[in-house]
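Tertiary structure, described
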Amino acid sequence: MRTDSNVNIQKVIKSFSFAVQGITLALRSERNLKIHFAVTVLVVIFGFFLSLSTMEWLFILFAIGGVISLELLNSALERVVDLVTEEFHPLAKQAKDMAAGAVFAYAILSVLVGLIIFMPKILSLLF
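Residues numbered from 1 in each chain as written. Predicted model: local features only at pLDDT ≥ 70, side-chain atom pairs only at ≥ 80, totals over all residues. Heavy atoms only, no water.

Section: helix H2 (residues 31-49)
To be explicit about the condition: A run of DSSP states H or I qualifies as a helix once it reaches four residues; a run of E qualifies as a strand once it reaches two. Both are numbered from the N-terminal end. Each helix should span, by expectation, one fewer than its residue count multiplied by 1.5 Å. Relative accessibility decides the category of a residue: with a 1.4 Å probe and only protein chains considered, values under 20% of the type maximum give buried, values over 50% give exposed, and everything between is partly exposed. Taken from the helix axis, the directions to the C-beta atoms give the arc we talk about.
In this model H2 runs 27 Å from its N-terminal to its C-terminal C-alpha over 19 residues, within 8% of the 27 Å that 1.5 Å per residue would give. All buried positions along H2 are accounted for by Leu33, His36, Thr40 and Gly47. Relative to the axis of H2, the buried residues are bounded by an arc of 55° and lie together on one face. Opposite the packed face of H2, turned more than 90 degrees from it, sit the exposed residues Arg31, Ile45 and Phe49. In the stretch just after H2, Ser51 is the one whose phi turns positive, near 50°.

Right, dumping it as structure tokens:
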């Protein structure tokens, strides 16, 4: 006999499964997301090597999560726009460009956060 809580748990598990499928698909098919994940691996390795503080890790993790989340949204929006029209339309281009701009703006912010956190530690190792 199934209870309401079992059904709800199954729905939650299924929704997580869809989310993982979406991330996996994006990682396989989206060049920029592959680049973001490669940089993420390097940042995490350097973070452990340089013994980041808890607060520094929080900033780094929010930067990483923000860029990856925006890249996933950008990819989803591009697919929806492509689904709606195969022809060139100025509004479709603007929607894609604006979504890409959001990723770019957050990526720049993330690089600045990384520089603020990592540069003093790297400089202290060198000098």
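We are not done yet, so read on.
Quick notes on unusual backbone geometry
In this structure, Ser51 is a non-glycine residue whose phi angle is positive, near 50°. Its location among the elements puts Ser51 in the loop between H2 and helix H3 (54-84).

Focus on the environment of Leu77
Going by this rule: Contact definition: two residues touch when any of their heavy atoms are within 4.5 Å.
Among the structural elements, Leu77 can be located in helix H3. Leu77 sits in the partly exposed class, given a relative accessible area of 31%. Leu77 has contacts with Ala95, Lys96 and Ala99, leaving out every residue within four places of it along the chain.

What to know about a nonpolar patch on the surface
Definition in use: Surface patches are defined over residues having more than 30% relative accessible area and no salt bridge, joining like charges when they lie within 9 Å and nonpolar side chains (Val, Leu, Ile, Met, Phe, Trp, Tyr) when within 5 Å. Per-residue accessibility takes into account occlusion by the displayed protein chains alone, with areas from the Shrake-Rupley method and a 1.4 Å probe. Throughout this description, the term salt bridge denotes a Lys or Arg side-chain nitrogen within 4 Å of a carboxyl oxygen of Asp or Glu.
A cluster of nonpolar side chains, Phe104, Ile108, Val111, Leu112, Leu115, Met119, Ile122, Leu123, Leu126 and Phe127, forms an exposed patch at the surface whose accessible area comes to about 1,000 Å². Position of Leu112 among the secondary structure elements: in helix H4 (residues 90-126).

Quick word on the nonpolar core
Quick reminder of the rule: In this text, buried Ala, Val, Leu, Ile, Met, Phe, Trp, Tyr and Cys residues form a nonpolar core when linked through side-chain atoms within 4.5 Å.
Counting eleven residues, the largest nonpolar core consists of Ala26, Leu33, Leu50, Leu52, Trp57, Ile60, Ile64, Ile68, Val113, Ile117 and Phe118. Those elements giving two or more residues to this core turn out to be H3 and H4. Tallying contributions element by element places H3 first for this core, with four residues. Discounting chain neighbours no more than four positions away, the residues touching Ile68 are Leu33, His36, Phe37 and Thr40.

Describing the pattern of salt bridges
The final tally for this structure, using the stated rule, is four salt bridges. With its nearest N and O atoms 2.8 Å apart, the salt bridge here joins Glu30 to Arg79. Placement of the pair is Glu30 in the loop between helix H1 (4-29) and H2 and Arg79 in helix H3, with a sequence separation of 49 residues. You can call Glu30 buried: its relative accessible area is 16%. In this structure Arg79 comes out as partly exposed when scored by relative accessible area, which is 39%. We note a salt bridge from Lys93 to Asp97, for which the minimum N-O separation is 2.4 Å. One end of the pair, Lys93, and the other, Asp97, are both in helix H4, four residues apart, so they sit about a helical turn from each other. Residue classification places Asp97 among the partly exposed residues on the basis of a relative accessible area of 41%.

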